[in-house]
Amino acid sequence: ADIDLTGVTWEPIGYSGSTCFAGNYDGGGHIIANAHSEGKADTDEKGNYSSTAGIFGWVAFGSVQNLHVKAADFVATGKNNYSYVGGITGVCYGASIQNCSVTNSTLESKRNNNNNCAGSIAGGSAGGTFKKCAAEGNTIKSMAYGGGFVGEVDDDNDGITTPSAFINCYAAKCTVTATTGESRGSSFAGGFAGQ
């Protein structure tokens, strides 16, 4: 069934490379609406952490299909480490995303310094395959990599042998900003991909 998450604080399914979602999820063409998340942190022994936000935080070698996200509000903040935000998943690592859409949503990645990524469908992709996915009417904000569809494509990541692929996908009517206050930092914003 369609799910309305109004009033629910959502915690992403799988939130790091070691605690990821590696199954196969089929949304049956249903809608998840009004999801809100401030991310899930993965803290190291020094108190630093990466953070992910999305319906899924980190999908690795699995798949998500036939899922539609509407009016989501996702934000993740990292501390001396990456933050990843995407409407479907924060990170797509060697995984497949098919027949999915994200519409009228706000997606933001932040950090105490540079290096974070946000995109309508995925914050970051390393060897991900995207087919028949759509992003419409979303607002994407990042300090480093912001894209209307995906924030950062990092196919040089260890363990990735096949580059990311985008087949019959599009982004439309999205607003993308990438700004950093760090004097040595760099920011990339793109209508489809940030970097």
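Read on for a plain summary of the structure. (Residues numbered from 1 in each chain as written. Predicted model: local features only at pLDDT ≥ 70, side-chain atom pairs only at ≥ 80, totals over all residues. Heavy atoms only, no water.)

1. Concerning the overall build of the chain
Check the secondary structure of the chain and you find zero helices and 24 strands. Taken over C-alpha atoms, the radius of gyration comes to 15 Å for the chain, in line with the 16 Å a tight globule of 195 residues would show. Expressed as a percentage of the 195 residues in the chain, the buried residues total 47%. Working note: accessible area of the chain is about 8400 Å², and carbon and sulfur atoms make up 45% of it. Where the 11 positive side-chain charges of the chain centre and where its 17 negative ones centre are 4 Å apart. (Helix = DSSP H or I, 4+ residues; strand = E, 2+ residues; numbered from the N terminus. Rg over C-alpha atoms; globule rule 2.2 N^0.38 Å. Buried < 20%, exposed > 50% of the residue type's maximum accessible area, 1.4 Å probe, protein only. Areas by Shrake-Rupley, 256 points an atom, 1.4 Å probe, with all protein chains shown as cover. Lys, Arg positive; Asp, Glu negative; His and termini not counted. Charge placed at Lys NZ, Arg CZ, Asp CG, Glu CD.)

2. So, unusual backbone geometry
A positive phi angle is found at N66, which is not glycine, with a value near 55 degrees. Inspection of the secondary structure puts N66 in strand β7 (residues 63-70). A positive phi is found at N80, a non-glycine position, where the angle reads about 55 degrees. Along the chain, N80 turns up in the loop between β8 (73-78) and β9 (83-86).

3. Focus on the sheet that holds strand β10 (residues 89-93)
Across a sheet, paired strands are connected by hydrogen bonds in the backbone, their directions being either parallel or antiparallel. One open sheet holds the four strands; their spatial order is β6-β10-β15-β20, and the pairing between them is parallel. Here the strands that pair on one side only, and so sit at the sheet edges, are β6 (56-60) and β20 (150-153). With direction set aside, neighbouring strand axes in the sheet form an average angle of 10 degrees. Of the strand pairs in this sheet, strand β15 (residues 122-126) and β20 are connected by three bridges, and their pairing is parallel. By the bridge assignment, S125 is partnered in β20 with V153. (Pairing = 2+ DSSP bridges. Axes fitted to C-alpha atoms, helices over the stretch in contact; angles between N-to-C directions.)

4. Some words on the sheet that holds strand β24 (residues 188-190)
The sheet built from six strands is open, its strands ordered β4-β5-β9-β14-β19-β24 with mixed pairing. Of all the strands in the sheet, the pair left with one neighbour each is β4 (40-43) and β24. Shown here is a sheet whose adjacent strand axes are inclined to one another by a mean of 5 degrees, direction ignored. Pairing of β4 with strand β5 (residues 49-53), which is carried by four bridges, proceeds in the antiparallel orientation. If you follow K40 over to β5, its bridge partner there is T52.

5. Describing the pattern of salt bridges
Applying the stated criterion across every chain, the model contains one salt bridge. E11 is the salt-bridge partner of K40, the closest N and O atoms lying 3.8 Å from each other. In this pair, K40 sits in strand β4 while E11 sits in the loop between β1 (3-4) and β2 (24-33), placing the two residues 29 residues apart along the sequence. (Salt bridge = Lys/Arg side-chain N within 4 Å of Asp/Glu carboxyl O.)

6. As for the nonpolar core
The biggest cluster of nonpolar side chains holds 32 residues, and the ones touching the most others in it are L67, I88, I97 and I121. Of the residues forming this core, the biggest block, three residues, is contributed by β7. Among the nonpolar cores identified, the runner-up in size contains 11 residues, and W58, A60, Y82 and A126 belong to it. (Core = buried A, V, L, I, M, F, W, Y, C linked by side-chain atoms within 4.5 Å.)

7. Brief notes about the environment of A35
Along the polypeptide, A35 turns up in the loop between β2 and β3 (36-37). C-alpha separation for the pair A35 and G54, spaced 19 residues apart in sequence, amounts to 8.8 Å.

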